[in-house]
Amino acid sequence: MSDAYLALEDGRVIEARGRAPGRTRGELVFTTAYTGYEESLTDPSYEEQVLTFSYPLIGNYGVRSERFESDRVHPRAAIAREFTDDVAEWLAEEGVPAIDHLDTRELVTSIREEGAMRCGLAVGPDATPADAKAELDACKGMSEHVDIGAQVSVEEPTVHEGGSAATVAMIDCGAKGSIAESLLERDATVHVLPYDATPADVAAVDPDLLFISNGPGDPENFEAAEALVDEFVGDLPIAGICLGQQVVANALGGSTEKMDFGHRGVNQPVRDLDTDRVVMTTQNHGYTVGEPGDELNVTQVNVNDGTAEGLENEDLGVITRQYHPEAHPGPNDSLDFFDDVLDLVSTDTPVATSD
Ligand SMILES: NC(=O)CC[C@H](N)C(=O)O
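Note that the coordinates shown come from a computational prediction; the quantities given were computed from them, not determined experimentally. (Residues numbered from 1 in each chain as written. Predicted model: local features only at pLDDT ≥ 70, side-chain atom pairs only at ≥ 80, totals over all residues. Heavy atoms only, no water.)

Overview of the nonpolar core
Part 1 of the argument: Ranked by internal contacts, the top residues of the largest apolar core, which has 32 residues, are I171, V202, L210, I212, F222, V229 and V248.
Part 2 of the argument: Among the elements of the structure, strand 11 (166-172), strand 13 (209-212), helix 8 (223-232), helix 9 (243-251), strand 16 (278-289) and strand 18 (308-313) are those that each provide at least two residues to this core.
Part 3 of the argument: A total of five residues in this core trace back to one element, the largest contributor, which is helix 9.
Part 4 of the argument: When residues no more than four places from it in sequence are discounted, the contact partners of V248 are I212, V229, I238, L296, V318 and T320.
Part 5 of the argument: Listed in part, the 22 residues of the second largest apolar core include V168, L209, F211 and I319. (Core = buried A, V, L, I, M, F, W, Y, C linked by side-chain atoms within 4.5 Å. Buried < 20%, exposed > 50% of the residue type's maximum accessible area, 1.4 Å probe, protein only. Helix = DSSP H or I, 4+ residues; strand = E, 2+ residues; numbered from the N terminus. Contact = heavy atoms within 4.5 Å.)

See the structure below:
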């Protein structure tokens, strides 16, 4: 008798061991990251997804809140070959179902072959396969979560007072904490604004730079952020990370599309087309920029599949990354992105200034 069931869109129902109870649903994805489970589980970009860890043992160095990227767990559920008690207890306290003792190697292979798929989970002493299937039946596709920004963004503007290197208006589409920290460490002051901020809200903080954060779901559902890029491009330098890159591309004539199973891990190789240098990067995305449009140049590409990893327009002062230069988890090799971003302010790159 099992106490946990995972129902998949391909019709299978997989038995597992329950580690944190509940009923839930979401898009089933996997990460190959072998460390950084606290950072991944608190990354807002995982909202509405069920996160499978391909690394078999999750929790072997405990759970410490200093390593969290936000104030709660964001995946709808978590799956591993084996969770330690520390992680299972944390997820249970957070009300996030967790299962283990299933063949995650086989599960990850299925996602690679069939693509990210919808799933339903039922976990606990009374759980049945029918409960898991009922969750699956009620599960929406990622793009159908049209107001997902409201689930992850700040409700009111907040400010992180730093130094005078730059005043940054950061649009919080579900930002990881490390992004603001990376800017603060470089002496910037960061105004965090809601995902649906208006041009007047941005102008009110008199920024030197507009920064669009990472965030969950389909970038086409972040129309307000797209409108901000459209409004301020040429007047303010603009930077973006992950969803931020996608929103910037959509605003400037490019397009985005859903990937089969995405990039999630801490060793995704990225080649800079100018220097030919390859760096290992942290990634967590299921959509990608298809066409960059006429305004943006692709400056970096993924070595595995050639997808756009960096976009720039030097004249307009626009620079974005699809991966996570702020790391947490993962390698620190791309932290200089934040220096490049702040250089956009100090070198007055944009063609025009706001008056
Ligand atoms: N980490 C992110 O910002 C993810 C971006 C977007 N939600 C995607 O899945 O592609």
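Thoughts on the pairing of strand 13
Part 1 of the argument: Along strand 13, one buried face is formed by L209 and F211 and the opposite face, lined by L210 and I212, is buried too.
Part 2 of the argument: In this structure, strand 11 lies alongside strand 13, joined through four bridges in parallel fashion. Looking across to strand 13, one finds that A169 is bridged to L210.
Part 3 of the argument: One ladder, built from three bridges, connects strand 13 with strand 14 (residues 238-241); its direction is parallel. Note that in strand 14 the partner of L210 across the bridge is I238.
Part 4 of the argument: Each parallel crossover has a hand, and the one from strand 13 via helix 8 to strand 14 is right-handed. (Pairing = 2+ DSSP bridges. Right-handed = clockwise from strand over helix to strand, strands pointing away.)

Structural notes on the site of the ligand
Part 1 of the argument: By nearness alone, 13 residues border the ligand, and G215, G217, N284, G286 and Y287 come closest of all.
Part 2 of the argument: Here a nitrogen atom of the ligand sits 2.9 Å away from a polar atom, N or O, in the side chain of S45.
Part 3 of the argument: If the ligand stood free it would expose 300 Å²; the protein chains cover 97% of that surface.
Part 4 of the argument: Looking at the shell around the ligand, the elements with two or more residues in it are helix 9 and strand 16.
Part 5 of the argument: Top element by residues in the shell around the ligand is strand 16. It accounts for four residues.
Part 6 of the argument: Taken together, the residues that form the shell around the ligand break down as four nonpolar, nine polar and no charged. (Near = heavy atom within 4 Å. Polar contact = N/O pair within 3.5 Å; in protein donor to acceptor, adjacent residues only side chain to side chain. Areas by Shrake-Rupley, 256 points an atom, 1.4 Å probe, with all protein chains shown as cover. Nonpolar A, V, L, I, M, F, W, Y, C, P; charged D, E, K, R; others polar.)

Re the UniProt feature "domain: Carbamoyl-phosphate synthase small subunit N-terminal" (unreviewed entry) in the protein
Part 1 of the argument: UniProt records the feature "domain: Carbamoyl-phosphate synthase small subunit N-terminal" (unreviewed entry) at residues 2-122, using the numbering of this structure.
Part 2 of the argument: Here residues 2-122 is 21% helix and 36% strand, with 11 Å between the C-alpha atoms at its ends. (UniProt positions renumbered as here; feature names shortened; annotations may be inferred.)

Topic: helix 4 (residues 129-137)
Part 1 of the argument: Looking at helix 4, one finds that the buried residues are A132, E135 and L136. Considered in projection along helix 4, the buried side chains sweep an arc of 100° and stay on one side of the axis. Exposed side chains of helix 4 directed beyond 90 degrees from the buried face belong to A130 and D137.
Part 2 of the argument: Check the buried side of helix 4 and you find it contacts strand 1 (4-8), strand 3 (22-31) and strand 9 (117-123). (Arc of directions from axis to C-beta.)

Points about the sheet that holds strand 8 (residues 98-100)
Part 1 of the argument: Strand order in the closed barrel formed by seven strands is 1-2-8-6-4-3-9, and the pairing between neighbours is mixed. Pairwise comparison of adjacent strand axes, ignoring direction, gives a mean angle of 35° for this sheet.
Part 2 of the argument: Strands strand 1, strand 2 (13-20), strand 3 and strand 9 of the sheet are contacted by helix 4, whose axis makes an angle of about 140° with strand 9. (Axes fitted to C-alpha atoms, helices over the stretch in contact; angles between N-to-C directions.)

Describing the sheet that holds strand 14
Part 1 of the argument: One open sheet accounts for ten strands, arranged 10-12-11-13-14-19-18-17-15-16; its pairing is mixed. Lying at the two open borders of the sheet, with one neighbouring strand each, are strand 10 (158-160) and strand 16. For this sheet the average axis-to-axis angle between neighbouring strands, irrespective of direction, equals 25°.
Part 2 of the argument: Against the sheet, helix 8 makes contact with strand 11, strand 13 and strand 14, and its axis sits at roughly 155° relative to strand 13, the strand it touches most.
Part 3 of the argument: Packed on one face of the sheet, helix 10 (residues 336-346) meets strand 11, strand 12 (188-194), strand 13, strand 14 and strand 19 (318-321) and runs near 165° to strand 19.

Focus: the side chain of D100
Part 1 of the argument: Structurally, D100 can be placed in strand 8.
Part 2 of the argument: Classification of D100 as buried rests on a relative accessible area of 0%.
Part 3 of the argument: When sequence neighbours within four positions are dropped, the list of residues in contact with D100 reads A16, R17, R19, A80, R81, E82 and F83.

Quick word on the UniProt feature "active site" (unreviewed entry) in the protein
Part 1 of the argument: Under the feature "active site" (unreviewed entry), the UniProt entry names C242, H324 and E326. Taken along the chain, the residues just named run across 85 residues; in space they keep tight, none of their C-alpha pairs more than 11.1 Å apart.
Part 2 of the argument: When you line up the elements, H324 lands in the loop between strand 19 and helix 10.
Part 3 of the argument: Look at H324 and you get buried, because its relative accessible area is 2%.
Part 4 of the argument: Aside from chain neighbours lying at most four places away, what touches H324 is K176, N214, I241, C242, T282, Q283 and N284.
Part 5 of the argument: Locating E326 in the fold gives a position in the loop between strand 19 and helix 10.
Part 6 of the argument: Leave out the neighbours within four places in its chain, and E326 touches K176, S178, I179, S182, I241, L335 and F338.

Examining the domain arrangement of the protein
Part 1 of the argument: Parsing the protein into structural domains produces domain 1 (4-140) and domain 2 (149-346).
Part 2 of the argument: Summarising the inter-unit geometry, the C-alpha centres of domain 1 and domain 2 are found 27 Å apart.
Part 3 of the argument: Each side of the interface is counted separately: domain 1 has 25 residues, and domain 2 has 20 residues.
Part 4 of the argument: Broken down residue by residue, the surface that domain 1 buries against domain 2 is led by P44, S45 and E69, which jointly contribute 29%.
Part 5 of the argument: Between the two partners, domain 1 and domain 2, sit one salt bridge.
Part 6 of the argument: With its nearest N and O atoms 2.9 Å apart, the salt bridge here joins K258 to E27. (Domains from an automatic or database assignment. Buried area = accessible area lost by both parts, 1.4 Å probe. Salt bridge = Lys/Arg side-chain N within 4 Å of Asp/Glu carboxyl O.)

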